[in-house]
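A look at the structure
Read off the chains here:
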Amino acid sequence: MAKKNLGEMSFLDHLEELRWLLVRSTIAILIMAFVTYFFSDYLFDEIILGPTRPTFFTYVWFCDLSHQLGFADSICITELNFIIQNTEMEGQVNIFVWMCILVGFILGFPYILWELWKFISPALYEKERKNAKLFIFTSSLLFFLGVIFGYFIVIPMSVNFVATFSVSDVVKNQFTLDSYMGMVKTSVLAGGLFFELPIIIYFLTKLGLVTPVFLRKYWKYAVVLILVIAAIVTPPDVVSQTIVAIPMLIIYEVSILISKIVYKNKEKENV
C-alpha cells in the first residue's frame with residue numbers, strides 16, 4: 001500500500017507511523033544488543049570497568065600532561081582506593097542485560113536517526129529532504145563524539161573524584177555495581193545527547209522556538225552552568241575542569257552559529 005502524504009494523514013495515521021518507528025528502532029537496538037553479547041567479556045573487563053584502573057588511558061594522559069605543564073605528579077593517579085561489589089542476587093544479570101541494551105542503543109543510533117528522519121521528512125521542503133545523508137552523518141558523528149567525551153573524560157574524572165573524596169579516614173569506599181553502572185550510563189548518554197545540541201538548536205530555530213538573540217542573551221548563564229557541571233564531575237584542579245568545560249562551551253558556541261545561519265535563511269525566504 002502506498003504511503004500517504006503528510007496532508008492526507010490523520011492524527012491516528014501519525015500515531016501509527018510513530019508506533020512503527022518505535023517498533024523498528026526497538027528491534028534494531030535488540031539486534032545490536034544481541035551482537036554485543038558475543039564480545040561481552042571484553043566489553044565489561046576492558047571498556048566499562050576500564051576507568052576503575054589507574055592504568056586507564058585518561059589517567060596516564062593526565063599524568064603526562066601534568067609533567068609537560070610543570071605540575072610534576074600533582075594530577076597523576078597511581079591508586080583508586082575502592083572496590084565494586086554486587087549486593088543483589090540478580091544484580092549482575094540485570095546489569096549485563098541493560099548494559100548490552102545501552103551498547104545496542106549506541107551502535108544502533110544511526111539507524112534510529114534514519115527512522116526519525118523518515119518520520120519528519122514529509123513536513124520538510126524538497127531541498128531539505130535531500131539532506132538526509134548529511135543529517136544522519138552529522139548527528140551520528142556528534143553523538144559518538146559525545147559518547148567518547150563522556151567515556152574518556154567525564155567517567156574517569158567522576159571516578160577519580162568519588163574515589164579520593166572522603167569525609168573521614170574511618171569510612172572506606174565500597175561502591176555497588178549498580179551505582180557504578182548507573183554513572184557510566186548517565187555519563188555516556190548525557191555526553192552523546194549534549195553533543196546533539198547543534199542539531200536540536202537547528203530544528204528549534206527552524207520552528208521559530210529559538211533565536212540566536214535568545215541564545216546569546218543567556219550565554220553567560222550557559223557558561224556558569226557548564227562551569228558548575230565541570231566542577232562537579234572533576235577533581236578540584238583547574239586543568240581537569242578546563243578540559244571538561246572547553247568542549248561543552250565550543251558545542252554551545254557552534255549551536256549559536258547554526259542558529260544564526262538558519263535564522264538568516266528564514267528571513268531571506270520571508271522577504
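- In the annotation of an unreviewed UniProt entry, the entry for the protein chain reads Sec-independent protein translocase protein TatC, and the organism field reads Flavobacterium gyeonganense.
- Check the Subunit (unreviewed entry) section of the UniProt entry for the protein chain; it says "Forms a complex with TatA."
- Under the UniProt heading Function (unreviewed entry), the entry covering the protein chain gives this text: "Part of the twin-arginine translocation (Tat) system that transports large folded proteins containing a characteristic twin-arginine motif in their signal peptide across membranes."

A short note on the confidence of the model for the protein chain
- Overall, the predicted model of the protein chain reaches an average pLDDT of 85, with 89% of residues at or above 70.
- Least confident of the elements in the protein chain is helix H6 (residues 126-129), whose mean pLDDT is 68; most confident is helix H4 (residues 91-107), at 95.

Remarks on the side chain of Glu196
- Position of Glu196 relative to the elements: it lies in the loop between helix H8 (177-194) and helix H9 (197-206).
- For the buried Glu196, no salt bridge is present, and the opposite-charge side chain at shortest range is Lys206, 17 Å distant.
- With residues near it in sequence (within four places) discarded, Glu196 still touches Phe109, Ser139, Leu142 and Phe143.

What about the nonpolar core?
- Ranked by size, the top nonpolar core spans 53 residues in total, and within it Met99 and Met181 carry the most contacts.
- In terms of residues, this core owes the most to one element, helix H7 (residues 132-164), which gives 14 residues.
- Excluding anything up to four places from it in sequence, Met99 contacts Phe44, Ile48, Met181, Val184 and Lys185.

Some words on the packing of aromatic side chains
- Counted according to the given criterion, the structure contains 22 aromatic pairs.
- Note on Tyr202 and Phe203: the rings are 5.1 Å apart at their centroids and 85° apart in plane angle, and the pair reads as edge-to-face.
- Judged by relative accessible area, which is 28%, Tyr202 ranks as partly exposed.
- Judged by its relative accessible area of 22%, Phe203 falls in the partly exposed class.
- Here the aromatic residues Phe34, Tyr37, Phe38, Phe44 and Phe96 are joined through ring pairs into a cluster of three or more.

Quick look at a nonpolar patch on the surface
- Residues Ile27, Ile31, Val35, Phe39, Tyr42, Ile47 and Leu107 make up a contiguous nonpolar surface patch of about 610 Å² in total accessible area.
- Those elements that place two or more of their residues in the nonpolar patch are helix H1 (11-37) and helix H2 (40-48).
- Top contributing element to the nonpolar patch by residue count: H1, with three residues.
- Here Ile27 is to be found in helix H1.

Observations concerning the pattern of salt bridges
- Tallied over the entire structure, the rule returns five salt bridges.
- Its salt-bridge partner being Arg19, residue Glu16 comes within 2.9 Å of it at the nearest N-O pair. Taken together, the residues Glu16 and Arg19, both in helix H1 and three residues apart, mark about one turn of the helix.
- Between Glu253 and Arg216 there is a salt bridge whose closest N-O contact spans 3.2 Å. Note that Glu253 is positioned in helix H12 (residues 238-270) and Arg216 in helix H10 (residues 212-217), a separation of 37 residues in sequence.
- Assessed through its relative accessible area of 30%, Glu253 is described here as partly exposed.
- Overall, Arg216 belongs to the partly exposed group, its relative accessible area being 37%.
- Sharing partners across several salt bridges, the network here consists of Arg24, Glu115 and Lys118.

Some words on the UniProt feature "transmembrane region" (unreviewed entry) in the protein chain
- The positions that UniProt labels "transmembrane region" (unreviewed entry) are, in the present scheme, residues 21-39, 95-114, 134-163, 183-205, 217-236 and 242-263.
- Overall, residues 95-114 shows 95% helix and 0% strand. The separation of its end C-alpha atoms is 29 Å.
- Across residues 183-205, the secondary structure splits into 91% helix and 0% strand, with the terminal C-alpha atoms separated by 32 Å.

Some points on H7
- In this model H7 runs 47 Å from its N-terminal to its C-terminal C-alpha over 33 residues, within 8% of the 48 Å that 1.5 Å per residue would give.
- Its axis deflected by about 35° at Gly150, H7 carries its strongest bend there.

Digging into the packing of H7 against H9
- Taken N-terminus to C-terminus, the directions of H7 and H9 make an angle of 135°; their axes are 9 Å apart at the nearest point. Classified by the angle between their axes, H7 and H9 sit oblique to one another. Two secondary-structure elements touch here, H7 through Phe135, Thr138, Ser139 and Leu142 and H9 through Pro198, Ile199 and Phe203.
- The class makeup of the residues in the contact of H7 with H9 is five nonpolar, two polar and no charged.

What about the side chain of Ser139?
- By secondary structure assignment, the location of Ser139 is in helix H7.
- Every residue in contact with Ser139, bar those within four places of it in the chain, is listed here: Phe109, Leu113, Glu196 and Ile199.

So, how was this worked out
- Residues numbered from 1 in each chain as written.
- Predicted model: local features only at pLDDT ≥ 70, side-chain atom pairs only at ≥ 80, totals over all residues.
- Heavy atoms only, no water.
- UniProt positions renumbered as here; feature names shortened; annotations may be inferred.
- pLDDT = per-residue confidence, 0-100.
- Helix = DSSP H or I, 4+ residues; strand = E, 2+ residues; numbered from the N terminus.
- Buried < 20%, exposed > 50% of the residue type's maximum accessible area, 1.4 Å probe, protein only.
- Lys, Arg positive; Asp, Glu negative; His and termini not counted.
- Salt bridge = Lys/Arg side-chain N within 4 Å of Asp/Glu carboxyl O.
- Contact = heavy atoms within 4.5 Å.
- Core = buried A, V, L, I, M, F, W, Y, C linked by side-chain atoms within 4.5 Å.
- Phe/Tyr/Trp six-rings, centres within 6.5 Å; stacked < 30°, edge-to-face > 60°.
- Patch = residues over 30% accessible without salt bridge, like charges linked within 9 Å, V, L, I, M, F, W, Y side chains within 5 Å.
- Areas by Shrake-Rupley, 256 points an atom, 1.4 Å probe, with all protein chains shown as cover.
- Expected span 1.5 Å × (residues − 1).
- Bend = angle between axes of the 7 residues up to and from the residue.
- Axes fitted to C-alpha atoms, helices over the stretch in contact; angles between N-to-C directions.
- Parallel < 35°, antiparallel > 145°, perpendicular 65-115°, else oblique.
- Nonpolar A, V, L, I, M, F, W, Y, C, P; charged D, E, K, R; others polar.

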